[in-house]
Amino acid sequence: MVYAVIMAGGSGTRFWPASRKQSPKQLLNIAGQQTLLEAAVARLDNLVAPTETLVVTNHNLVAAVRELLPDLPPSAILGEPVKRDTTACIALAASLLNKRDPNATMLVMPADHLIKPIEEFQHAVQLGVALVNADPSRLVTFGIKPSYAAESFGYIRPGNSVSTVENQK
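Residues numbered from 1 in each chain as written. Predicted model: local features only at pLDDT ≥ 70, side-chain atom pairs only at ≥ 80, totals over all residues. Heavy atoms only, no water.

Colleague: How would you explain the packing of aromatic side chains if you had to name every residue and give the values?
Modeller: Going through the model one piece at a time under the given rule, you end up with 0 aromatic pairs. The ring centre of Phe121 lies 5.7 Å from the NZ or CZ of Arg43, which sits over that ring. (Phe/Tyr/Trp six-rings, centres within 6.5 Å; stacked < 30°, edge-to-face > 60°. Lys NZ or Arg CZ within 6 Å of the ring centre and 35° of its normal.)

Colleague: Which residues make up the nonpolar core, and what values do they have?
Modeller: Counting residues in hydrophobic clusters, the biggest one holds 24 residues, and the most contacted among them are Ile6, Leu37, Leu44, Val55, Val65, Leu69 and Met109. Mapped onto this core, the elements with two or more residues apiece are β1 (2-8), α1 (36-42), α2 (62-68), β4 (105-110) and α4 (118-134). Considering each element in turn, this core owes the most residues, 4 residues, to β1. Sequence-distant contacts of Leu37, that is, excluding residues within four places in its chain, are made with Ile6, Ala8, Gln26, Leu27, Val55, Val65, Leu68, Leu69 and Ala111. (Core = buried A, V, L, I, M, F, W, Y, C linked by side-chain atoms within 4.5 Å. Buried < 20%, exposed > 50% of the residue type's maximum accessible area, 1.4 Å probe, protein only. Helix = DSSP H or I, 4+ residues; strand = E, 2+ residues; numbered from the N terminus. Contact = heavy atoms within 4.5 Å.)

Colleague: Give a detailed account of the pairing of strand β3 (residues 77-80), specifying residues and quantitative values.
Modeller: Looking at chain direction, strand β2 (residues 53-58) and β3 are connected through 4 bridges and run parallel. Looking at β3, one finds that Thr57 is bridged to Gly79. (Pairing = 2+ DSSP bridges.)

Colleague: Explain the layout of surface pockets residue by residue, including any values.
Modeller: By volume, the second largest pocket amounts to about 220 Å³. The wall of the second largest pocket is formed by 14 residues, among which Val41, Ala42, Asp45, Pro50 and Asp71 lie closest to the centre. Broken down by element, the residue count for the lining of the second largest pocket peaks at 3 residues, all from α1. Here the residues of the lining of the second largest pocket are counted per class, giving 9 nonpolar, 2 polar and 3 charged. (1 Å grid on protein atoms, 1.4 Å probe; cavity = no way out; pocket = protein on both sides within 12 Å on 5 of 7 lines; lining within 4 Å. Points joined across faces, edges and corners; volume = space filled by probe spheres on them. Nonpolar A, V, L, I, M, F, W, Y, C, P; charged D, E, K, R; others polar.)

Put into structure tokens, the structure is as follows:
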């Protein structure tokens, strides 16, 4: 089963002055009718059910996130007691999902990205899930070609692109 983990733990400092501690950018309506968080959940339509979606956020934002996402079960909103960044967020979600479903496939995505067109995103996710299902030891990473070196993001050694794999079918 595929589960989605949406990382929504921002602290409201990187998009100042629009964002603040209680309204970080993922809770803002920046591009369209929805907040970035609502748009992230909407991108999952027909891919991952609300019952298989987890939103990991700052414990101070749990109530605001629940209000924005009434279709998610209350237990789907996880409040981190202390900010520990991406790795801890993913580890927490992976631990919880492993207890729930040891064979889970986990789709991890940030809440504060603008991704369009949605259909292309969904198609890429479907291809990525198929790759993981074919070889569960595989890790599929989605990204864009960087325009400069940024060691704070780490380093990824690229393999075949999803489009290359699709064309080999």
